[in-house]
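# Working through the structure, step by step
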Amino acid sequence: MQNKKSRYLLLKFFSLFSVVRGYNIFVIVIAQYLASIYILASDKRALDVLLDLNLFLIVFSSTLAIAGGYIINNFYDSEKDLINRPNKTLLDRKVSQEFKLRVYFGLNFLSVLFAFIVSWHAGLFFSAYIFCLWFYSHKLKKIPFIGNLFAAIVAVLPFFGILMYFKNFHEVIFVHATLVILLLLIREIIKDLSSIKGDLTNGYRTIPVVYGEKFAKQLINSLSVLLVFPILLLLYHFNIGYMYVFLYFSLFILFCINFLLYQTDAASGYKKIHFLIKILILAGIFSILLIDPSVLLNGKAFLRI
């Protein structure tokens, strides 16, 4: 009897972990600390950054808010995900919708509470961030392009919170942010291509549903061209150490993604391309380790407080 109860609790834990996408959150936490050490607070010792209590609270608040965002997104997308990702959805449904909502409100409350310990500015920032996550899942997600763009911007907002904390507004940071937003926007459209069936069934007005797959692919092509500009700026205008290896690699992967897009029109093919761009994003996070913090900010800065 005890073993059966233990297995049940373990199954619920893995179900909730799947809903909040704990693996994604773990990667985001690593990215936040790497960005803090190598880019946003590169003038400080790494140990001082790691032991900064306020930074820990900001990262922890963002972790709780992001987990809540995944829960509310799962709540609204449960019917669509049953079509597009049946195996994952079956695991997610081991936890009731009522329990998910209780956890959602609890995580949001704790997120804002810990943020207010840092400052009232941080508390207001995370309150607004939580609202943005809910508004995206409830309303904006079903609006073509606006939903995709908003999702990409919301994904980088936790890093903006750290940026505001360190008060570092060097231009290279905004070039990095532009690159990341464009890359995330491409990923969002590819994700829409892979989930056309579920989106169409549940009335989601995504770009592929409203304008067709061909238009969505052409849009990805255009965004890929735009993405080349921040890559070239980083390569030839800033000293980014050995990160240039990742940037050249990203140009090659972008070419492969755009080539493969026209070789498939099946959901399975789009999912493979989506996985490829996730690998690219993951590689981008760890490429931060290739940056030399001592030389990164030696270029022209338009504001450094």
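Anyway, here's the lowdown on the structure attached to this text. Since this is a predicted model, take the numbers as computed values, not measurements. (Residues numbered from 1 in each chain as written. Predicted model: local features only at pLDDT ≥ 70, side-chain atom pairs only at ≥ 80, totals over all residues. Heavy atoms only, no water.)

### Looking at the pattern of salt bridges
Pairing is possible between side chains of opposite charge, provided their charged atoms come close. The full count for this structure, using the stated rule, is four salt bridges. Asp48 is paired through a salt bridge with Arg45; the nearest N and O atoms lie 3.1 Å apart. Its relative accessible area of 53% is what places Arg45 among the exposed residues. Its salt-bridge partner being Lys191, residue Glu188 comes within 3.5 Å of it at the nearest N-O pair. Here Glu188 and its partner Lys191 are both found in helix 10 (residues 171-194), three residues apart, which amounts to about one turn of the helix. (Salt bridge = Lys/Arg side-chain N within 4 Å of Asp/Glu carboxyl O. Buried < 20%, exposed > 50% of the residue type's maximum accessible area, 1.4 Å probe, protein only. Helix = DSSP H or I, 4+ residues; strand = E, 2+ residues; numbered from the N terminus.)

### Description of the packing of helix 2 (residues 22-40) against helix 4 (residues 53-76)
Relative to each other, helix 2 and helix 4 sit at 150°, their axes nearing to 10 Å. Judged by the angle between their axes, helix 2 and helix 4 are roughly antiparallel. The element helix 2 and its partner helix 4 pack so that their crossing is right-handed. Within the contact between the two elements, helix 2 uses Asn24, Ile25, Ile28, Val29, Gln32, Tyr33 and Ser36 and helix 4 uses Leu55, Phe56, Val59, Ser62, Thr63, Ile66, Ala67 and Tyr70. Partitioning the contact of helix 2 with helix 4 into residue classes produces ten nonpolar, five polar and no charged. (Axes fitted to C-alpha atoms, helices over the stretch in contact; angles between N-to-C directions. Parallel < 35°, antiparallel > 145°, perpendicular 65-115°, else oblique. Left-handed = near helix turned anticlockwise from the far one by under 90°. Contact = heavy atoms within 4.5 Å. Nonpolar A, V, L, I, M, F, W, Y, C, P; charged D, E, K, R; others polar.)

### Examining the side chain of Ser111
Within the secondary structure layout, Ser111 lies in helix 7 (residues 97-118). For Ser111, a relative accessible area of 0% translates into the label buried. When neighbours within four sequence positions are excluded, Ser111 is seen to be in contact with Ser61, Leu64, Ala65, Phe126 and Ile130.

### Describing the packing of aromatic side chains
According to the stated counting rule, one finds 14 aromatic pairs in the structure shown. Judged by centre distance (6.3 Å) and plane angle (35°), the rings of Phe125 and Phe160 are tilted. With a gap of 35 residues between them, Phe125 in helix 8 (residues 120-138) and Phe160 in helix 9 (residues 146-166) connect regions that are remote in the sequence. Phe160 sits in the partly exposed class, given a relative accessible area of 34%. For the ring pair Tyr244 and Tyr248, a centre distance of 6.3 Å and an interplane angle of 80° mean the geometry is edge-to-face. With Tyr244 and Tyr248 both in helix 14 (residues 244-261) and four residues apart, the pair spans about one turn of that helix. Owing to a relative accessible area of 36%, Tyr244 belongs among the partly exposed residues under this scheme. Look at Tyr248 and you get partly exposed, because its relative accessible area is 41%. Aromatic rings pair up to connect Phe125, Phe126, Tyr129 and Phe160 into one cluster. (Phe/Tyr/Trp six-rings, centres within 6.5 Å; stacked < 30°, edge-to-face > 60°.)

### Observations concerning the nonpolar core
In this structure, Leu40, Tyr129, Ile186, Leu227, Leu234 and Leu247 are the most contacted members of the largest nonpolar core, which totals 81 residues. No other element matches helix 10, which puts twelve residues into this core. If near-sequence neighbours (up to four positions away) are discounted, Leu234 is found in contact with Val172, Val175, His176, Leu179, Ile240 and Leu247. (Core = buried A, V, L, I, M, F, W, Y, C linked by side-chain atoms within 4.5 Å.)

### Let's talk about the environment of Ile146
Checked against the element boundaries, Ile146 lands in helix 9. Ile146 gets classed as partly exposed once you look at its relative accessible area, which sits at 44%.

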